[in-house]
Amino acid sequence: MNRPPALNLSDFGPDFTWGVATAAFQIEGSPAADGKGPSIWDTFTHRRDRHGRTPVKDGTTADVATDSYRRFREDIALVRALGFGAYRFSISWPRIFPAGGGPLNRAGLDHYSRVVDACLEAGVEPWVTLYHWDLPQALEDRGGWRARDTVHRYCDYATAVAGALGDRVRHWMLFNEPLNIVISGHVTGAMAPGRRSLPAYFAALHHVNLATGLGSRAVRAADPDAVIGTTQYVSPPIGSGPGRLADVAERAAHAVLNRAFLEPLLGLGYPWRTAPLLLGVRPFLRDDDAAHLLADLDFLGVQYYTRLRAPFLPLPGLWTVPQFGGAEHGNELTSLGWEIIPEGLGMALDWAHSYGAFERIVVTEGGASFPGEQVVSGRVRDPRRIDYYVRHLAEVAAARERGVPVDGYFAWSLMDNFEWAEGFEPRFGLVHVDFATQERTIKDSGYWFAGQLGGTARPPE
Ligand code: FCB
């Protein structure tokens, strides 16, 4: 495990973007500051069932999180000290439109304007995600992503933000991982808004795709110099089952997990031949939707964590239900039980490139949580995370050699933060956060990046 890093990040060349990523709800805290309205994640994390249980594993909320609404300058200084040239963060929609639509909240917008300025002053390029899961609760009350009207409210929001910050922000990402919005939010219920319904799934799938297509044109109109992308959770699945049926399961899973979120944006429609389940989208399709779905994208953000398992299911129209694998497969597991399979990243990149639709592909997230990380004498020794990045970045280098135009990599995450329904246990940061004191301590993995990228951070002697 103490294998020396065999990879030289400078070999990726001067035009490669090195960044770290965060998301508003996971770090900001200050849930009511400057006129913010509630989001579906505020509601979800505060929900209690009749036994007093919450949907969050450790019962925590993100009311404070890493307090980054107030500490953003300190965080951006860390990005710089670690040697990264780019900081990917998200804007909280209910800070800009507390009621989803209606009057714009100037104080919320001013906050992000200050964050953008702080990045530029630190020599860090801001990469802005417009939607990282925190829908205004007011819109959820009117149907959320099940309702077509939310698509138009999203376009209004994107127009307002891109118009206001486009003079200083070049890189925009429309959505973070529609897969989780749609499936974890509307089918398994593990994430906000916590629904479990097939009609909700089909409606949300189509409306989030529609918002990506229409949103891309809204941002382009508001900020003609914008470089527009969107990010997708990409999991090349691993089918299993008797004989050819393993293949059937694998292809069905690939259609549901990956293709259904990309192909409509490229004018290819929904892959319902391979996954008949997706025929459920039909009632939500309108005449002009094929044109509205077409997305005007300059890059695709690929986010890869693991390959999901897809066992064959003998149910008509539903041939598999993808799931996380376990220890029985012999792969190392993260603290969330996710199998570490670096070659899956190479496969994800090849798949994204196979459409020939993107001049640029950026890995907008990748990272891992490991158990038992502690600060000892000012150090956090996390050799497994360094090993994780070395092995995954080797896949990126190999993909580039194959001609895949990957020109950026964002580590998830800058610092430990609120990991959605998993609470604070999974620590994904390059920087450790003591959630009681908010003290930040750079982990060895952070020092590893700093050493490679010319950052100023050095481990204490
Ligand atoms: C991704 C999310 C990100 C974080 C990582 C661990 O799916 O986009 O917010 O939770 O997983």
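Relevant structure appears above.
Residue positions are counted from 1 within each chain, in the order its sequence is given. The predicted nature of this model means local features are confined to residues of pLDDT at least 70 and side-chain atom pairs, given and counted, to a pLDDT of 80 or more, with totals for whole chains, interfaces and linings taken over all residues. Side-chain measures here rest on the full set of heavy atoms in the structure, leaving out hydrogens and waters.

J.: Sorry, what's going on with the site of the ligand here?
T.: Proximity criterion: a residue is near a molecule or strand once any of its heavy atoms comes within 4 Å of it. Around the ligand sit 13 residues in total, of which Gln26, His132, Asn176, Glu177 and Glu419 are the nearest. A distance of 2.8 Å separates an oxygen atom of the ligand from a polar side-chain atom of histidine 132. Between an oxygen atom of the ligand and a side-chain N or O atom of asparagine 176, the distance comes to 2.8 Å. Summarising the interface, the protein chains cover 97% of the accessible area of the ligand, which totals 290 Å² for the free molecule. Each residue receives one of three labels: charged for Asp, Glu, Lys and Arg, nonpolar for Ala, Val, Leu, Ile, Met, Phe, Trp, Tyr, Cys and Pro, and polar for the others, Gly being one of them. Along the lines of polarity and charge, the residues of the shell around the ligand split into 5 nonpolar, 5 polar and 3 charged. We define a polar contact as two N or O atoms separated by no more than 3.5 Å, with the added condition that, inside protein, one atom must be a possible hydrogen donor and the other a possible acceptor, whereas residues neighbouring each other in sequence contribute only through side-chain atom pairs. Exposure was quantified through the Shrake-Rupley algorithm and a 1.4 Å probe, taking into account, for residues, occlusion by the shown protein chains and nothing else.

J.: I'm lost on the packing of aromatic side chains in this one. Help?
T.: For any pair of aromatic rings, geometry is given as the distance between the ring centres together with the angle between the planes. Stacked, edge-to-face and tilted labels apply to pairs of Phe, Tyr and Trp rings (six-membered ring for Trp) whose centres lie within 6.5 Å, assigned for plane angles under 30 degrees, over 60, and everything in between, in that order. Applying the stated criterion to the full structure yields 37 aromatic pairs. Arranged with centres 5.4 Å apart and planes meeting at 40°, the rings of tyrosine 87 and phenylalanine 89 form a pair that is tilted. The buried category is assigned to tyrosine 87, whose relative accessible area is 3%. Burial classes: relative accessible area under 20% of the type maximum marks a residue as buried, over 50% as exposed, and values in between as partly exposed (1.4 Å probe, protein chains only). Of the residues examined, phenylalanine 89 reaches a relative accessible area of 5% and is grouped as buried. With a centroid separation of 6.2 Å and 85° between ring planes, the pair formed by tyrosine 389 and tyrosine 409 is classed as edge-to-face. One end of the pair, tyrosine 389, is in helix H13 (residues 383–401); the other, tyrosine 409, is in strand S11 (residues 406–412), with 20 residues separating them in the sequence. Classification of tyrosine 409 by relative accessible area gives buried; the value is 2%. Pairwise contacts between aromatic rings join Phe12, Phe16, Trp18, Phe84, Tyr388, Tyr389, Tyr409, Trp448 and Phe449 into one cluster. Consider the ring centre and the ring normal. A charge sits over the ring if Lys NZ or Arg CZ is within 6 Å of that centre and within 35 degrees of that normal. Positioned above the aromatic ring of tryptophan 272, the side-chain terminus of arginine 282 is 4.9 Å from the ring centre. Secondary structure follows DSSP: runs of H or I at least 4 residues long count as helices, runs of E at least 2 residues long count as strands, and numbering of each begins at the N terminus.

J.: Any chance you could explain the nonpolar core here in plain terms?
T.: For soluble globular proteins, nonpolar side chains are generally found buried alongside one another. Formed by 148 residues in total, the largest nonpolar core has its most connected members in Trp145, Tyr154 and Leu393. When residues in this core are grouped by element, the largest group, 10 residues, is from helix H9 (residues 198–222). Residue types Ala, Val, Leu, Ile, Met, Phe, Trp, Tyr and Cys, when buried and joined through side-chain atoms within 4.5 Å, form a set referred to as a nonpolar core.

J.: Can you help me understand unusual backbone geometry in this one?
T.: Generally, phi is negative for residues other than glycine and the peptide bonds are trans, each holding for most cases. Following alanine 192, the chain continues to proline 193 via a peptide bond in cis, the omega torsion being 5°. The peptide bond linking tryptophan 412 to serine 413 adopts the cis configuration, its omega dihedral lying at 15°. Along the chain, serine 413 turns up in the loop between S11 and strand S12 (431–434). For serine 30, which is not a glycine, the phi torsion comes out positive at approximately 45°. In this structure, glutamate 177 takes a positive phi of about 45° despite not being glycine. Checked against the element boundaries, glutamate 177 lands in the loop between strand S4 (171–173) and helix H8 (178–186). You can call glutamate 177 buried: its relative accessible area is 3%.

J.: Would you mind going over the side chain of arginine 427 with me for this structure?
T.: With respect to the secondary-structure elements, arginine 427 resides in the loop between S11 and S12. At 2.5 Å, the side chain of arginine 427 and the side chain of aspartate 416 are in polar contact.

J.: Sorry, what's going on with the sheet that holds strand S6 (residues 238–240) here?
T.: Sheets are built from strands that pair by backbone hydrogen bonding, the pairs being arranged parallel or antiparallel. Pairing in this open sheet of 3 strands is mixed, and the strands run S6-S8-S9 from one edge to the other. On the outer flanks of this sheet lie S6 and strand S9 (318–320), each paired with one strand and no other. Strand-to-strand twist of the sheet, defined as the mean angle between neighbouring strand axes without regard to direction, takes the value 40°. Looking at chain direction, strand S8 (residues 309–315) and S9 are connected through 2 bridges and run antiparallel. From the neighbouring strand, phenylalanine 312 faces S9, where its bridge partner is threonine 320. This element, helix H10 (residues 245–262), spans S6, S8 and S9 of the sheet and lies at about 105° to S8. Two strands qualify as a pair provided DSSP detects at least 2 bridges between them. Interaxial angle, 0 to 180 degrees, is taken between N-to-C directions of lines fitted to C-alpha atoms, where a helix line uses only the stretch in contact. Contact criterion: two residues are considered in contact whenever any of their non-hydrogen atoms come within 4.5 Å of each other.

J.: What is the right way to look at the pattern of salt bridges in this model?
T.: One side chain can pair with another of opposite charge once the charged atoms of both are near each other. A side-chain nitrogen of Lys or Arg and a carboxyl oxygen of Asp or Glu constitute a salt bridge if their distance falls within 4 Å. Counted under the stated rule, the structure contains 33 salt bridges. Put simply, arginine 153 and aspartate 156 hold a salt bridge, and the shortest N to O gap is 2.9 Å. Of the two residues, arginine 153 and aspartate 156 both sit in helix H7 (residues 149–165), 3 residues apart, roughly one turn of that helix. Taking relative accessible area as the criterion, aspartate 156 reaches 42% and is therefore assigned partly exposed. Residue glutamate 373 pairs with arginine 385 through a salt bridge whose shortest N-O separation is 2.7 Å. Placement of the pair is glutamate 373 in the loop between strand S10 (360–365) and H13 and arginine 385 in helix H13, with a sequence separation of 12 residues.

J.: It is not clear to me how the environment of asparagine 8 should be interpreted in this structure. Could you clarify?
T.: Following the sequence through the fold, asparagine 8 ends up in the segment before strand S1 (17–21). Judged by relative accessible area, asparagine 8 falls into the partly exposed class, the value being 41%.

J.: Even after reading the chapter, I still don't get the pairing of S11, so can you show me in this structure?
T.: Sheet faces and side chains relate simply in a regular strand, where the side chains alternate between the two faces. For S11, a buried count of 7 out of 7 residues is recorded, marking the element as mostly surrounded by other parts of the structure. Where S1 and S11 come together, 5 bridges link them in parallel fashion. Bridging from a neighbouring strand, glycine 19 pairs with phenylalanine 410 of S11. Strand direction decides the pairing type here: S10 and S11, joined by 2 bridges, are parallel.

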